[in-house]
Structures are given as structure tokens and as C-alpha cells.
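Take a look at the letters that make up each chain.
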Amino acid sequence: MYFNPRVEQKIVRVILCLFTFITVAILVFIMIFILRKGLPVVSWEFLSKNPLDMGKSGGIFSTIIGTIALTFMALLVATPLGVGTAIFLTEYTFESRLTRVIRFGAECLAGIPSIIFGLFGFILFVTKLKFGWSILSGGLTLAFMILPTIIRTSEEAVRAVPGSYRQVSYSLGSTKWQTVTRVVLPSALPGIVTGVILSIGRSIGETAAVIFTAGSALRLPSSLFSSSRTMAVHFYVLAREGISMSKAYGTAAVLVLAILVINLVTYYLMEKFIRRYR
Amino acid sequence: MAISVKYFSHFFGPVQTLKKINLEVRRNEILGIIGPAGSGKSTFLRSLNRLNDLIPGSRVEGTIMINGEDIYAAEVSVVELRRRLGMVFATPVPLPRSIYENVVFGNRMAGIKNKRQLDELVERSLEQAGLWGEVADRLDSSACKLSGGQQQRLCIARILALRPEFILLDEPTSGLDPISTMKIEDSLRRLKEDYTIILVTNNSKQAARVADRTAFFLSGELIEIAPTDKIFTAPSNPKTNDYVSGRFG
């Protein structure tokens, strides 16, 4: 089919606008739907009180703590491991069969369904290592889940640093480690942080892997070995067991808002620190 | 002799890029290196500060002696070597930092932290590179905002801050306008008093203007090396004559 190029341009432009609109509309729709049903339930008491009566009344404070603890633990483990691997693959090795195998392994890891991670975490951390249902088990399991994402995004970020920066650094008498820490990593930081944020988003919403490893205790966790419930799990239980749909929506609204705020704050910080020297 | 190159060959894997080069660099001279693209000029320069070591498959034969020491000997500290031979690349590469931080980068890596020392180094180096007047009031602004010519002078200041013995320049003005080129060539003439300079250029006229002696490279070999006016007016080798008179290149 041959279209007059000018007509073709106009048609394509309209189609692309439409696709974009649909994408944005879906996002906005989901957000509005959840916030409309959930925001009325959210109040200071909702956020600061623990769940009572299996969640039918009270708030979600303990689940907020649980979510933060689990995500933090996962990041604490996965970030150094992931960024370290990325640096090793890019700076300390040359492209070879070994690096391809490592990369392939990471990609495979990324494709494994989260419920399998839950099972793995249950067998290894909860049972074999006897950590029990705990923040420790949950955090470690989540760490392995987000590891491939962090490796992949960090590697891309590190590779994107221009080779000329490294050349200049070496030619001025830097060692390899100095070049990595003073030149490569600072330039790759925005990309690495993006990967970390993506991972936070995934961890916060993770349900299957967490139920099998961190359990679903409603009490405020007292140590790394306490079982704890995350907001996502709480939402699941409330909705599935029919305990309280309104509180379920409230939990969902808080989750969505949390992710939004995290993204906004981090991008603001990035702009502030990085824009200065571009 | 400041630098003594004897039967020096370089390979990238199976490909030979430099063939048994023999030449000497005298102290406080400007040695120009001319030749068509792919003749090994840049590879030779990078062999002097062992920057080629970074590329997998890089291999050398023969010796390069700097101040009487074989720079490819096992005990040599490459990091130290690279501070003694400062290199300026064809495209100016300011690091994404302030002007001040760019100039002191090498010094910081070497462990110098004293603010007063660094301040002095910055002023002195920018002065020697002919950039101080233009940036003295905005040392903390981003180096990336400078013009191309200013960036290149910044790169020169950056290596001068390390107080090297030698300055290696790889086609430093190829992307710059004539005024910036002139400023940099003037700087080189001034710097000659304190440093030994090797200038690779694909612009023969630049070599004619600036270099004391000039070497002509072709396909990895050193064809001829002689005082500049002799190379350009009465070269001994016919290949040199062909290149210099523009018959090819």
C-alpha cells in the first residue's frame, strides 16, 4: 500500500499519540480507581495504629514497618552484590565465554517466577538454615529476586560511561580501583540508582515470595528473626479472606502513593546532584 | 638522551602496528611526528606511556629507555610512568567536574590533599596552559561548559599539574578553530623550556611551524627523522618527499 508520505506522517502521528494516550490513561485509571476507593480510609490513625481483629479494624502500622524492613534488608544485600558483579564483569574481565555464562545466568535468574523464589527461600532460609519465617528470610529471598535487575541496570550504566573518561583517568596516573571509584561509578550513579528504584518498586509489591518466607504475622516485628507482614501481603489477606475490602483498598492506596513518592524524591535528588556538572 | 627507542615493535594480537622503530628524543625539544592515518603515530605515542597495555592482546618487542630506564621492565610502576609523561588526546575530554577539580584530578589520585598546595598547582598550571585569565573567576563551574579550545587548554593544564617531564600530544588541535590552534601552538613554544614535547599531527604545516625535529612514519615504520626544515625542504627519502609535497596522505 502506498500512501502519500505527507498523509502517512499524519496518520502515524495520530496512531502514536493514541497509543501513548492509552498507556497513560491506563496508568491514570488504575491510580484514580485505587485512590478513590482507598484514600477515604487512609488517616493518621490508619497509618500509625497496628491492625486489630485480624485487620478488620485498626491500622496498618506494623505492615508498613514490615515492608520497610524487608525492602531495606533486600537492598542492603543485593546492591553491593549486584553493583560489584557489574563492575567485575565490565572493568575486570574481558568479554569471554565466562562472562557470557555469568550474564546468561543472571538473565535466567531474572525470568524465574517470584513464587519459585518463595519456595527456594522457604527451603533454604526458613527450613534448612533455621531462620524461620522472618524478616531475615524474606529479605534475603527478595535480595536474590532483585539481584538480576540490579546487575543488568548497573552493568548498562557502567558500560555507558565513555571509554575516554577511563583513558584520561589512566593517563593521569590512576590505578584501576581509583578509576572505578572516582570516575566510573560517579558517572554511572544515575543508572545504578534507577535500577535500585526499580527494585524497590518490585520488592514493595512482592507477595508470593514474601508469604513463604516472612510469614504474615500481624505483630510489630521486634528483631530480624521476627515474622512480619508486608502491605502487599496484608492487602492480599484482607481481600481474599473477605475481612475488609475498604481497608484493603486503603492499604493499596498507601502502597501506590509510597511508590510515587519514592520515585519523585529520588529523581529530584538525582537532578540536584547530577545536573550540576553536566 | 631523554628517550631512547631501540628496535621497538608493537603488536595487537597477530597484527604488527610498529616495526623496529629506532629513534631518540632530545631533552627540551619539540619532536613532531607526521604521517598518514594508520601509520602507527598514535600507537607509538601510547607505547611511551604504556597506555596500550590497557588493550587486550597488546604486545611489545625491543626497548624504550626513558632517562636510562627500560620502561617495560617488570619493576616499573606504570602509574608513576604515566605521571611523568602527560598525554593530551585529540578530542578534549574534560571530566564531568568543575574546572578546579579537573586540574587537580591527577594530584588527588597521587594523594595530595593540602588545599593550599592544590590551589597553587591550579593557578600555575592554568597559567602555563594559557587559560588562567579566562577562568580564574569561575574555577568551580563545570568544565564541560568551556569552548573546545578552552577545554583542550584545560587538558594541558591538567597534565602540567602533575609536573611531568614529557608532554605527549596526539593531534591536539585537529578539532579546533585556527585561533585556539594558534594559542595552543604558542603555549607549546613556551613550554618547551621546561618540558620535552612530542607532538603527533596529521597537519604537516603544524609540524613545520612548531617542531624542532620531525619524524615521518609510514605503515608502522619510521621512514626518516631530521631537523624540521630539512624534512620539508630536502628530505632524504623519496617517500618522505611524496608525503610532504602532498602527493599522497
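Right above here is the structure, for reference.
The present account deals with the structure reproduced in this document.

Rules used in this analysis
Residues numbered from 1 in each chain as written. Chains lettered and ligands numbered in written order. Predicted model: local features only at pLDDT ≥ 70, side-chain atom pairs only at ≥ 80, totals over all residues. Helix = DSSP H or I, 4+ residues; strand = E, 2+ residues; numbered from the N terminus. Buried ≥ 20, exposed ≤ 12 C-beta atoms within 10 Å, placed from the backbone. Contact = placed C-beta atoms within 7 Å. Pairing = 2+ DSSP bridges. Axes fitted to C-alpha atoms, helices over the stretch in contact; angles between N-to-C directions.

1. With respect to the overall build of chain A
Then step 1. From N to C terminus, chain A includes eleven helices and two strands.
Then step 2. Of the regular secondary structure in chain A, the N- to C-terminal order runs α-α-β-β-α-α-α-α-α-α-α-α-α.
Then step 3. With respect to the principal axes defined by its C-alpha atoms, chain A has extents near 65 × 60 × 40 Å.
Then step 4. In chain A, which comprises 278 residues, the proportion classed as buried is 38%.
Then step 5. Once local pairs closer than 6 in sequence are excluded, the contacts in chain A between residues at least 24 apart make up 74%.

2. Section: the sheet that holds strand β5 (residues 69-70) of chain B
Residue and element names in this part refer to chain B.
Then step 1. The strand order across the open sheet formed by four strands is β2-β1-β4-β5, and the pairing between neighbours is antiparallel. Edge positions in the open sheet fall to β2 (15-25) and β5, since each of these has one partner strand only.
Then step 2. Relative to strand β4 (residues 58-66), strand β1 (residues 3-12) runs antiparallel, the two sharing eight bridges. Bridge pairing in β4 places S9 opposite E61.

3. Description of the sheet that holds strand β9 (residues 213-218) of chain B
All names here are of chain B.
Then step 1. The strand order β6-β7-β8-β3-β9-β10 describes an open sheet built from six strands, whose pairing is mixed. In the strand order of this sheet, the two ends are held by β6 (85-88) and β10 (221-227), each with one partner. Averaged over all pairs of adjacent strands, the angle between strand axes in this sheet comes to 15°, irrespective of strand direction.
Then step 2. Two elements, strand β7 (residues 166-170) and strand β8 (residues 196-200), share five bridges in a ladder whose sense is parallel. Paired with L168 across the two strands is I198, which belongs to β8.
Then step 3. Contacts from helix α7 (residues 148-160) reach β6 and β7 within the one sheet, and its direction differs from that of β6 by about 170°.

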